[in-house]
Every structure is written in C-alpha cells, then in structure tokens.
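Residue-level listing of the chains:
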Amino acid sequence: SESTDNETEKEEDDGVSKEEKENRLPLLKHVYLIMKICSKQWKWFLLSYGLLLVNCALNLIEPALYSQMLTNAITMKSFDILKHACFLLAAVQLAEAISSTAKTTCMSYATNKTTKQIRVNLFKAILHQDISFFDENKTGQLMSRITHDSDSISNSLPGYIETTTENLINFFGALPIMVYYSWQLSITAFITFPISLILTKIYGLYIEKLSEKANDATAISNETVQEVLAAIRTVRSFASERTEYGRYTKNTDDWFKISLKSIMASTTFGLVWYLMWNVEDVLVYLYGGYLTINGRMASENLLSYVFYHWRLHSALNSFTNMFSDLMRTIGSSRKVIYLLNRKPVLDYENGSETPEVLGTIVFDGVEFAYPTRKNVEVLKNLNLTIEKGKTVALVGPSGNGKTTIVSLIEQFYAPKSGQILLDGTNIQNIQHEYYHSKVALVAQEPTLFSGSIRDNILYGYENGSEEEMLKVAKMANVHEFVEKLEKGYDTKCGEKGIQMSGGQKQRIAIARALIRNPAILILDEATSALDSESESLVQDALNCCAKNRTVIIIAHRLSTVKNADKIAVIEKGQVTEIGTHFDLMKNIDGMYYKLVSKQLEPKKEEQKND
Ligand code: ADP
Ligand code: MG
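Throughout what follows, the structure given in this document is the object of discussion. (Residues numbered from 1 in each chain as written. Chains lettered and ligands numbered in written order. Predicted model: local features only at pLDDT ≥ 70, side-chain atom pairs only at ≥ 80, totals over all residues.)

Quick notes on the sheet that holds strand β7 (residues 520–524)
Note: strands within a sheet are paired through backbone hydrogen bonds, in either parallel or antiparallel orientation.
Argument step 1. Here 6 strands make up an open sheet; going across it, the order is β6-β7-β8-β3-β9-β10 and the pairing mixed. Sheet topology places β6 (439–442) and β10 (574–579) at the edges, where each strand pairs with a single neighbour. Averaged over all adjacent pairs, the angle separating strand axes in this sheet is 20 degrees, with direction ignored.
Argument step 2. When β6 meets β7, the two strands line up parallel, connected through 4 bridges. Pairing of Leu 441 across the sheet is with Ile 522, part of β7.
Argument step 3. Across the sheet, helix α13 (residues 402–409) touches β3 (391–395), β6, β7, β8 (550–554) and β9 (566–571), and the angle it forms with β7 is around 145 degrees.
Argument step 4. Against the sheet, helix α18 (residues 502–514) touches β6 and β7, its axis set at about 175 degrees to β6. (Pairing = 2+ DSSP bridges. Helix = DSSP H or I, 4+ residues; strand = E, 2+ residues; numbered from the N terminus. Axes fitted to C-alpha atoms, helices over the stretch in contact; angles between N-to-C directions. Contact = placed C-beta atoms within 7 Å.)

Focus on the packing of helix α9 (residues 183–230) against helix α12 (residues 299–341)
Argument step 1. At a minimum axis distance of 7 Å, the contact between α9 and α12 shows a crossing angle of 20 degrees. Considering their axes alone, α9 and α12 lie roughly parallel with respect to each other. For α9 against α12, the interelement crossing comes out right-handed.
Argument step 2. For the contact of α9 with α12, the class distribution of residues is 12 nonpolar, 10 polar and 6 charged. (Parallel < 35°, antiparallel > 145°, perpendicular 65-115°, else oblique. Left-handed = near helix turned anticlockwise from the far one by under 90°. Nonpolar A, V, L, I, M, F, W, Y, C, P; charged D, E, K, R; others polar.)

Some remarks on the nonpolar core
Argument step 1. Counting 71 residues, the largest nonpolar core has Ala 393, Ile 457, Ala 511, Ile 522 and Ile 567 as the members making the most contacts within it.
Argument step 2. With 6 residues, α18 is the largest single contributor of residues to this core.
Argument step 3. With residues up to four places along the chain from it excluded, the contact list for Ala 393 reads Ile 553, Ala 555, Val 561, Ala 564 and Ile 567.
Argument step 4. Counting residues in each nonpolar core, the second largest holds 12 residues, with Tyr 181, Ala 189, Leu 316 and Phe 319 among its members. (Core = buried A, V, L, I, M, F, W, Y, C linked by C-beta atoms within 7 Å. Buried ≥ 20, exposed ≤ 12 C-beta atoms within 10 Å, placed from the backbone.)

And the structure:
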C-alpha cells in the first residue's frame, strides 16, 4: 500500500488526478465544447460583432470625411459648409460612440450570461456527483472551479472575436498584395511564416499547461481559506493562526512562481519572435534593394511592399498573442469541462421504481470497500435482515462498519458485490426522491443549514404545513426549547447550526427526519455526544417516534439499545451475534456481553462516588 500512497502524492503534486488524465479530451474536441457552451448566446455575440463592424467602418471614414469637407470649406471660404462639416462630424462621432458602447454592452451581456450558465451548469454537475467524488475533491477547490475558472472561459471571448476579425482581414488582405508586388520577396515571408507558427504552437502548449497549474494553485489556496474559516474555532483553540497564515502564504507563493514562469516564457518567446522577424526585415531590405538596384522592381513597389509587410507582421503578432490567450483559456477551462462532463459512477438518477414501502431492509451478501481505500474491505459478506416495524440496534466496537452500513442504506456508496433490498426491491432501482421520502437519517453529527429552525425542519419537505411542522417539533422535543426563544421557529441556526447546542441540533435533526413520516428511520449515535439530560430528552423523542416504523439505531449506551427488538453486533464488517438483549447476555464469551459489562463497571464506581 506504500507504493499507492506515493502515487496519490504524485498525482496531487500534478494537480491532475489519474482518472482526469485518462479522460483528457483532445484539443479540438475541447475547443468545440467551449464553443458549444458559448454558442447559446450566439445572437448577442453576432449583434455585437455587427456593431463592431459598423464602428470600424465609421472609424475609417471619419478622418477622410472630415478632411474632405474641411478642405472644401476652406477653398470655397464657406462658413455654411464648415457648419455642415462640423454637424456631420458630430453625427458620425455620436454614431461611433453609440455603436461602440452598444457593442460593449452586448458583448458584456453575452459573456456574463455565459458565465452565469457555466456556473449554474457546473454547480449542477458537481451536485450530481457521487459521494466518493467528494471524499476526494475538496470543497474549497470545487468552489474555486465554480467561481474563478468558469469566468476565464467567457471573459476572454470578446477579445478573440475582435482580434481574429481584424487579423484575418489584415493578413489575407496583405498577403496577396505582397505577392502581387514581388513574389520573390514574398518567399522570405513564406519561410518565416511556418517557423513562427511552429514556435507559436510550442509556446501555446506550454502556456496552456502553466495556466492550468496556475488555476490549480489558486484552487489550492482557496481550499486553505475555506478549510481554515470553516474550522476557525479549532484554529483559535490550538493557536494555529500563524501556521495557517504560513500555509496560505506558501500557497499564494506557489501561484506566484507559476505566474513568474509564464512571464519568463512570454518574454523569451517575444524576444525570439522579434529577432526572427527582424532578420526577415533585413532580408527584405537587402534583397528588395538588390532587386530595385538591378531594375527588376520599381522603387515605389518596394515601399508599398514594405508597408504591407509590416501589416502582415503586426497581424501575425497579435494573432500569436491571441493564440496564447486562447491556450491560457483552454488551460484554465480543462477542469471546468472535465467536471461538466464527468459521469458519476453511482448515478442517483438511475432508479425509477416507486414500489410500496413497508420497511423491511435486507443486506444480502454485501461486500464493500471505500473507493478511496479500495484494498481495505470494510464490509465482508454482510447478511442482515431488518424487519418492518421493528427497532434494530447495531452495536460493536468503533471503526467496525456501523456507519458504513448506514451510508450504504443512504446510497452514498454502492456495494462492491451483493445487494441491499427494500421490501424486495434493490434500493438502487428506486427513484431517488421517492426513496429518501421513505428512508430518513439522523446522522452522527447532524448538519443544520444557516436558515431558521422552521427552514431546517422543513428541509427537503418545503411544502409541509405549519401543523405538520409543529407536530414533529413536539414529537422531537424541539417545541419545548423553541417556545422559550424570542423569535420562536424563526430563530436562525447559524452556519452548520453553530448557534444551537448539541442536544438542540440533534432534536431539530430528528424533527427534520420525522416530518416526511418515513417508513424507516436511521439514527447513527444520535445521543452519544450528549449530556445525560439532553440524552434523555432525545431518547424520549426517539421512543415516541419508533412506533409504526422500522428504526435502525446505532448506539453504544446500554439504555438506548436494551429495549430494541433485535440487537446485531457488528465486528470487522460482519454480523457476529444477533438476538434480543436477553438472548445475547446469555453468551458470556460474546462481544455484546463484553460491551455491556464494560459499561456497567464504571457506572458502579460513579454510583459509589455519588
Ligand atoms: P463505525 O462502526 O465506528 O461507525 P465506520 O463504518 O465509520 O465505523 O468505519 C469503518 C471503517 O471504514 C473504518 O476503518 C474507517 O476508517 C473507514 N472509513 C469510514 N469512512 C470512510 C471514508 N469516507 N473513506 C474511507 N474510509 C472510511
Ligand atoms: Mg460510526
């Protein structure tokens, strides 16, 4: 396993995962996909393009128009003509201003709309991924992809459209004219041209790689910010501010180093480029001069040739800049396109069945290893039947697979082999929303959202009525503490529920699970982290909601487990004992007996102390 560890480290250094490398698209396909994304706004792009042409035309005629009329006015000594000339000039300038600003407006509209679309689609694509994807990809980095990288696709577009047009006109206008003036001289250009294309391509590919790296570096530094801010209390209590500041400084430093490489590359490329075209220039003057001196070329033709030759240079030059910008865009859009196209391994939208649910869950020979640790078998041939309407407790030492069983019922992951059946239907075939309206989870560390208590109880059940909300709030002992709050159910819970106590959070989470009246309720150590007073309140709530539904409860407190209809001991991913409390206590060598007696011992001491 050591070698695999090393591999993952290397992958992280690269910033590109193995899976991603395998799915890397060829350049043209990639460009095509970018174009496809942008083409949704083609009307606006086209309109701004038309306005650009109008603006160019007006720009071109303005000086000619004005000088013509001014000359007229002066030669004819006519103040009227002068007035007309001024009005006309004002009108042309106004038209120019309007076309120019309208162009910018349309372009901005199109690009921002594209950005919006990419962001929304990206968020949707990321939401669609399987949970194992989130085990590997960090929140801050994904956020960076949505906010930072998605912009880079659309924001550079207007530039390309404008400069491409300009350059194409200049290039294809100048080239035939040059050949017309002297095909011999044009040969120098035809030699230099392919060389510069090759150079541009090499440079462009390098820039693409650098820009991808730069974006990865940005993503990593954003990840640091996200992680640190989310854990600010832990940072403060361990006095790690300086360390974290150092980590972020290093992250941004990495980014800066990559940018520096990019600057160096651009300087080198620019120098080589100018040198090459300078040599070509000198050749043109030498050879052109030679041809003219020998009488094989008219001197005014040489001058015109040189003029167009410059035009060609500048067209090529800005074309190169544009190409490297394009490669930069491609580099930074790699991850965006990859994420947009990634198909989740376990697609929650695959299921379509909506069978009647009574609440019997069967684990049939389930084997499972976490995708991030493929060679560690967490569940080994697990067979377990949880009958409808019964309360089943899963107990066992920590790290032996209890939460994993819950995660499989929740379909966060799929079994490697074997299947999980709900009333005879493989749970993977059941429609997603339908399934989760029947199966509800109160997790080990429930996460609340930053909205109000009401919002949190109604989460995923937004159309629920106030009566339904109040009913479950009372069942879950939420009402009891909400009544004392000034704002009642409108009290905000804070980010991740930080403004609530552990017991309050847990009870809100129970109400949230109960409101959909699930056939199956899963409680993963729902009371373990609580003090005894909150525990008994939560316990009350649980007893009250266990009626008429299947309850799967994971707990290590004897008081919680004892009254279950069935207790299953989970050891190393297998069921090693199963039965009622009474049955299991008979087996003095069993794990259950051991767990129970361990709990009773310290309690006796406590009682003595009291
Ligand atoms: P518990 O019985 O305490 O609930 P778990 O089911 O949480 O145990 O964990 C079982 C094993 O799986 C542990 O060895 C744990 O390290 C591992 N594990 C838990 N979650 C993940 C995960 N997301 N990725 C990889 N391994 C995990
Ligand atoms: Mg657990």
